[in-house]
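Tertiary structure, described
As a plain string of letters, each chain reads:
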Amino acid sequence: AQKITQTQPGMFVQEKEAVTLDCTYDTSDPSYGLFWYKQPSSGEMIFLIYQGSYDQQNATEGRYSLNFQKARKSANLVISASQLGDSAMYFCAMRERTGFQKLVFGTGTRLLVSP
Amino acid sequence: SAVISQKPSRDICQRGTSLTIQCQVDSQVTMMFWYRQQPGQSLTLIATANQGSEATYESGFVIDKFPISRPNLTFSTLTVSNMSPEDSSIYLCSVENSDRQVSYEQYFGPGTRLTVT
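Now for a quick tour of the structure.

Conventions used here
Residues numbered from 1 in each chain as written. Chains lettered and ligands numbered in written order. Predicted model: local features only at pLDDT ≥ 70, side-chain atom pairs only at ≥ 80, totals over all residues. Heavy atoms only, no water. 1 Å grid on protein atoms, 1.4 Å probe; cavity = no way out; pocket = protein on both sides within 12 Å on 5 of 7 lines; lining within 4 Å. Points joined across faces, edges and corners; volume = space filled by probe spheres on them. Helix = DSSP H or I, 4+ residues; strand = E, 2+ residues; numbered from the N terminus. Nonpolar A, V, L, I, M, F, W, Y, C, P; charged D, E, K, R; others polar. Buried < 20%, exposed > 50% of the residue type's maximum accessible area, 1.4 Å probe, protein only. Polar contact = N/O pair within 3.5 Å; in protein donor to acceptor, adjacent residues only side chain to side chain. Contact = heavy atoms within 4.5 Å. Buried area = accessible area lost by both parts, 1.4 Å probe. Salt bridge = Lys/Arg side-chain N within 4 Å of Asp/Glu carboxyl O. Core = buried A, V, L, I, M, F, W, Y, C linked by side-chain atoms within 4.5 Å.

1. A few points about the layout of surface pockets
A volume near 380 Å³ is recorded for the largest pocket. Taken together, 21 residues make up the lining of the largest pocket; nearest its centre are A:Gln39, B:Gln37, B:Gly40, B:Ile90 and B:Arg113. Taken together, the elements giving at least two residues each to the lining of the largest pocket come down to strand S10 (88–96) of chain A together with strand S9 (89–96) and strand S11 (112–116) of chain B. Considered class by class, the residues forming the lining of the largest pocket number seven nonpolar, twelve polar and two charged. When its volume is computed, the second largest pocket comes out at roughly 190 Å³.

Next up, the structure:
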């Protein structure tokens, strides 16, 4: 069974600093995808970044990058140059690709960016 | 990416009543997903809705409580029936990128924030 672990319930960072949000996963499927979502207080789930298990390079999207360490089964999200608007809940999720598998979420990390 | 809209965005309902949530996508998609997020919790999949077939429900969710319709490839509804305060949650509709050869990205609607009194 697939499993996602986010061990940081909350993180604090100062504006313009970089921050890393941790995510580890467990799966026996060699083919899977890893996702990060941002959920502001409004409740919407905003897709940030995706990493496939066979992708050779770490995914990047603007200020977001995914530090993918396959052997360690970790997929940490790095946010560079934090902004006040980055304050939100961040969820890591995974979906195995063999057969139909659902997207499974971690418990989330609340990020607070201070001026 | 797909653009997903949901109606209503929020509602306050009395226990024992039912609420139907609508999800509209701007492109045709094979599978649509309904998630629940209880207060302070992560997201849990309720069911998967394919056009032209019965929805597939996850463990702990039943059709009598959460009937789903999927009349076409761009629209789905989720009904929360006989509501109790424990049903107070955000309900989110989600779709996959329609071209799996491109990516497996999955997108969410803005959510429906339901409060049951």
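2. Regarding the side chain of A:Thr27
Residues and elements named next belong to chain A. Locating Thr27 in the fold gives a position in the loop between strand S4 (24–26) and strand S5 (32–39). On the accessibility criterion, Thr27 (8% relative accessible area) is buried. A distance of 3.0 Å separates the side chain of Thr27 from the backbone nitrogen of Asp29, its partner in a polar contact. Filtering out sequence-adjacent residues up to four positions away, Thr27 remains in contact with Tyr32, Lys73, Met94 and Glu96.

3. Some words on the interface of chain B and chain A
If you look at the interface, chain B gives 22 residues, while chain A gives 19 residues. Counting the surface lost from both chain B and chain A, the interface buries some 1,600 Å², and carbon and sulfur atoms represent 57% of this. Counting the contacts that link chain B with chain A gives two salt bridges. Between B:Glu58 and A:Lys102 there is a salt bridge whose closest N-O contact spans 2.8 Å. Summed over the shared surface of chain B and chain A, the result is eight residue pairs in polar contact (both at pLDDT 80 or more). Mapped by element, the contributors of at least two residues to the side of chain B that touches chain A are strand S4 (31–37), strand S5 (43–50), S9 and strand S10 (106–108) of chain B. Of all the elements, S4(B) adds the most residues to the side of chain B that touches chain A, at four residues.

4. Re the nonpolar core
One finds A:Tyr37, A:Phe105, B:Tyr35, B:Ile46 and B:Phe108 to be the most contacted residues of the largest nonpolar core, which totals 46 residues. The contact partners of A:Phe105, leaving out residues within four places of it in the chain, are A:Ile4, A:Tyr37, A:Met45, A:Phe91, A:Cys92, A:Ala93, B:Tyr35, B:Ser42, B:Leu43 and B:Phe108. Of all hydrophobic cores here, the second largest spans 24 residues; its members include A:Ile4, A:Leu21, A:Leu77 and A:Leu111.

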